[in-house]
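Fold and contact review
Given next are the chains, with one letter for each unit.
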Amino acid sequence: MQTAGKPRPSWLLAHDPLHSAKPIDSISVAALLYLALPNLIFLAGWLRWPFAVFFSLLLLWSAWTAVDWRHVRWRGPCRAATALLIVATAFAWCALGGAGHFLAAPIDWMVRDAVFGDLVFGEWPVAYAEKEGTHYILRSAIGYFLPAAVVAKALGVASADLALYLWTVLGGTLFLFSLPLPQRPGTGLALSLLLVVSFSGMDLLGVLAYQGDWPELPVRLEWWTRFSYSSLAAHLYWAPNHALPICLASALFYRHWQHPAFPGFALLLLALLPIWTPFGLPALLPFIALAVLQFLAEPRRPLPVVPLLVLILMVALMTRFLGMDIGGIGTAPPLAGATGTPGETATRDHLLAYVAFVVLEFGALALALWPRLRHSRGILLFATLMLMLLPWLSFGPSNDLLLRASLASLVMLLLLTLNVLQSAGRPTVDAGYPWLLVLILLIGTFTPFHEAARATMVPRWPPSYMQNLVEQQGGNFPPHYVARLDRPDVRLLLREPSLTPDRERRRAASTGGQRER
C-alpha cells in the first residue's frame with residue numbers, strides 16, 4: 001500500500017489491532033490528570049504569578065485541543081471483580097516499596113524522605129543556602145512528591161507518609177489498568193498480574209556465572225556486572241519518582257499509538273513528563289521516532305500545533321530549571337570497571353560482560369518473542385536497539401541514564417510478553433505453547449523475589465522528616481539535587497527562594513510539638 005507516493009513500511013508499523021488503537025477513554029484521562037497535577041502544583045508554587053498563570057493556561061489550552069472530549073469513552077475500564085483484584089495488587093505491590101514505610105524501605109529512601117520533608121516544611125522554591133547573593137535551591141525529579149506534600153502541608157506532617165503511599169498506589173493502579181490484561185477475573189488475570197510484578201531479566205544466571213555461588217537472601221541481584229537494568233519491582237521500590245511517569249507514558253503509548261487522535265494526545269503527554277523525571281523523554285525517544293514514522297505514513301493530517309507549541313515551551317522551561325549546575329553531576333565512563341578509570345574501559349573483559357548482559361537481561365527474551373509476534377515488531381526492534389545502546393552511554397554517578405532511560409523499553413517488552421502469552425494456545429496460533437518464554441520469565445522472578453525478601457527480612461525503619469537534605473548529607477550539597485540559582489532567566493521566572501527550616505525549627509513547627517518519627 002502506498003500513501004502520497006510513499007511506501008508504507010508495514011512490517012515496522014504493524015500494530016496490535018486489539019490494544020494499540022484504543023480511543024481515549026476514562027483511564028487515559030485519569031492518567032493524564034495524574035501526570036498533570038504535579039505540573040500545575042509546580043507552576044503555582046515555584047513560578048512568579050504572571051508566569052504561573054501563563055504556563056498553566058498553556059497546559060489547559062493544550063489539554064483542550066489535544067483531546068477530542070466529545071468522543072472520550074467515559075466508562076469503567078473493566079468489571080468490578082477485575083478492578084478489585086487490580087487495585088488490591090497495586091496496594092500490595094506498592095507496600096513493598098519505600099512509600100508508606102510499612103516494611104523495610106530501600107536505603108535510597110533516606111534521601112527521598114529528606115527531599116519530601118523539605119517540600120513539606122519549606123516554602124517553595126526550597127533553598128539550602130545563600131552565598132554571595134546566589135541561592136542554592138532544590139532541583140531534581142520532584143513531581144512525584146508534590147501532591148503528597150500539599151496534603152501534608154494542609155493536614156500536618158503526620159499525614160505525609162500515608163499521603164505519599166496512597167499517591168503511589170494511585171499511579172500503580174493506573175499503570176495496571178493501562179496494560180492489556182485479561183478482562184475477566186480468574187487464573188489468567190492473576191497470572192498476568194503476577195507476571196507484571198515479577199518481570200525482570202535473568203539476573204540469577206549472571207550472579208551464578210560471575211560469582212559462582214547461589215545468592216543469599218536478601219542480597220540484590222541486579223548489579224552482577226558493571227551495569228544494570230532493574231526489574232519493574234526495583235524501579236518502583238527504589239525510584240518511584242522516575243518509574244511511575246515512565247511506566248504510565250509507555251503503557252499509554254502502546255495503548256493509543258495507532259489511533260488517529262494519538263498525535264495531539266502524545267504531545268500533551270510528553271509535555272507533562274519533565275517535572276517528574278528528566279529521563280522520561282530520552283526513555284521514550286525510540287518510540288517517539290516510531291510514532292513520527294506512523295504519522296508520516298498516514299494520509300496527510302494537520303499537525304496539532306497548540307500541543308506542539310506547549311510541549312516546546314514546557315520542555316524549554318524544565319530544561320533551564322533542571323539543567324542548572326548539571327556539569328557538577330559526576331559521571332563514570334561507559335563500560336567502566338570497578339574504579340571507573342578510562343584505562344579500564346572497552347577491554348576484552350568489559351565487552352564480554354556487555355554481551356552476557358545483553359543476552360541475560362533482554363536479548364534472550366527478545367529472541368523468544370520475535371517469531372511469535374504477528375504485530376508490533378517495530379516496537380520490539382526499537383526497544384531492543386535502545387537497550388543495546390544504553391550501556392555505551394553514561395550520565396550520573398550510578399549511570400542514572402542507563403537505569404532510568406531503559407524503563408520504557410522494558411515496559412514495551414512486558415507488554416509484548418503479555419500479548420504473546422495471552423494468545424498462546426488460540427486456534428490461530430500454531431507454534432505451540434511458548435515454554436522457552438515461560439522459562440526465561442521464571443528465572444527472572446528471582447530478582448523481584450529478592451527485592452520482596454529485602455523488604456520483609458531487613459528491619460523496618462521509620463521515615464524522618466526532621467533533617468533537611470543538606471543535614472542528611474553531612475553538610476554537603478548533593479549536585480544531582482541542589483544547584484546554584486545563577487541563571488538570569490530562571491531567576492526571573494522563579495519566586496524568591498526560601499531557606500528550608502533546620503531540625504530545631506521543624507520540631508517547633510510540627511503539630512503539638514510531636515516527636516521526631
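See the structure printed just above.
In this report, the structure presented in the accompanying data block is examined.

Reading the values: rules and limits
Residues numbered from 1 in each chain as written. Predicted model: local features only at pLDDT ≥ 70, side-chain atom pairs only at ≥ 80, totals over all residues. Heavy atoms only, no water. Pairing = 2+ DSSP bridges. Helix = DSSP H or I, 4+ residues; strand = E, 2+ residues; numbered from the N terminus. Salt bridge = Lys/Arg side-chain N within 4 Å of Asp/Glu carboxyl O. Buried < 20%, exposed > 50% of the residue type's maximum accessible area, 1.4 Å probe, protein only. 1 Å grid on protein atoms, 1.4 Å probe; cavity = no way out; pocket = protein on both sides within 12 Å on 5 of 7 lines; lining within 4 Å. Points joined across faces, edges and corners; volume = space filled by probe spheres on them. Nonpolar A, V, L, I, M, F, W, Y, C, P; charged D, E, K, R; others polar. Axes fitted to C-alpha atoms, helices over the stretch in contact; angles between N-to-C directions. Parallel < 35°, antiparallel > 145°, perpendicular 65-115°, else oblique. Left-handed = near helix turned anticlockwise from the far one by under 90°. Contact = heavy atoms within 4.5 Å. Expected span 1.5 Å × (residues − 1). Bend = angle between axes of the 7 residues up to and from the residue.

Turning our attention to the sheet that holds strand β4 (residues 134–138). Here four strands make up an open sheet; going across it, the order is β5-β4-β3-β6 and the pairing mixed. The sheet terminates laterally at β5 (482–484) and β6 (498–499), the two strands that pair on one side only. With three bridges joining them, β4 and β5 adopt antiparallel strand pairing. Of the residues in β5, the one forming a bridge with tyrosine 136 is arginine 484.

With that settled, the discussion passes to the pattern of salt bridges. Evaluation of the coordinates by the stated rule reveals eleven salt bridges. Arginine 70 is the salt-bridge partner of aspartate 68, the closest N and O atoms lying 3.3 Å from each other. Arginine 506 is the partner of aspartate 118 in a salt bridge, and the nearest nitrogen-oxygen pair spans 2.3 Å. Taken together, the residues span a long stretch of sequence, with aspartate 118 in helix α5 (residues 109–121) and arginine 506 in helix α23 (residues 503–509) at a distance of 388 residues. An identical accessibility class is assigned to aspartate 118 and arginine 506; each is buried.

A word on the layout of surface pockets. There is about 1000 Å³ of room inside the largest pocket. His242, Phe279, Asp400, Arg404 and His480 are the residues nearest the centre of the largest pocket, which is lined by 41 residues in total. Of all the secondary-structure elements, those providing two or more residues to the lining of the largest pocket are α5, α10 (232–238), α11 (240–256), α13 (280–297), α14 (305–322) and α17 (400–405). The residue makeup of the lining of the largest pocket, split by class, is 23 nonpolar, twelve polar and six charged.

For the rest of this paragraph, the subject is the packing of helix α2 (residues 26–46) against helix α3 (residues 49–66). Packing of α2 against α3 leaves a shortest axis separation of 8 Å and a crossing angle of 160°. Here α3 runs roughly antiparallel to α2, going by the angle between their axes. In this structure, α2 meets α3 at a crossing whose hand is left-handed. Here Asn39, Leu40, Leu43 and Ala44 of α2 lie close against α3, whose contacting residues are Ala52, Phe55, Ser56 and Leu59. The class makeup of the residues in the contact of α2 with α3 is six nonpolar, two polar and no charged.

Within the element layout of this structure, glutamate 504 appears in helix α23. Exposure remark for glutamate 504: the relative accessible area of 52% places this residue in the exposed category. A C-alpha to C-alpha distance of 8.1 Å links glutamate 504 and methionine 466, two positions 38 residues apart in sequence.

If you check α2, its first and last C-alpha atoms are 30 Å apart, about what 21 residues at 1.5 Å a residue would give, namely 30 Å. Most pronounced at alanine 36, the bend in α2 amounts to some 30°, and the proline proline 38 follows within four residues. Taking burial as the measure, the 21 residues of α2 include 15 buried ones, the bulk of the element.

To continue, consider the pairing of β4. Of all five residues that make up β4, five are buried, and the element is covered over most of its length. Linking strand β3 (residues 126–131) back to β4 in an antiparallel pair, the connection comprises two residues, with glutamate 132 at a positive phi of about 55°.

With that out of the way, let us pick up the packing of α11 against helix α18 (residues 407–423). Orientation of α11 relative to α18, taken along the N-to-C sense of each, is 45°, at an axis distance of 9 Å. On the basis of the axis angle, α11 is oblique to α18. Once α11 is placed against α18, the crossing between them reads as right-handed. Where α11 approaches α18, its residues Ala243, Ile246, Cys247, Ser250, Ala251, Phe253 and Tyr254 are matched on the opposing element by Leu407, Ala408, Val411, Met412, Leu415, Leu416 and Asn419. Looking at the contact of α11 with α18 residue by residue, the classes come out as twelve nonpolar, two polar and no charged.

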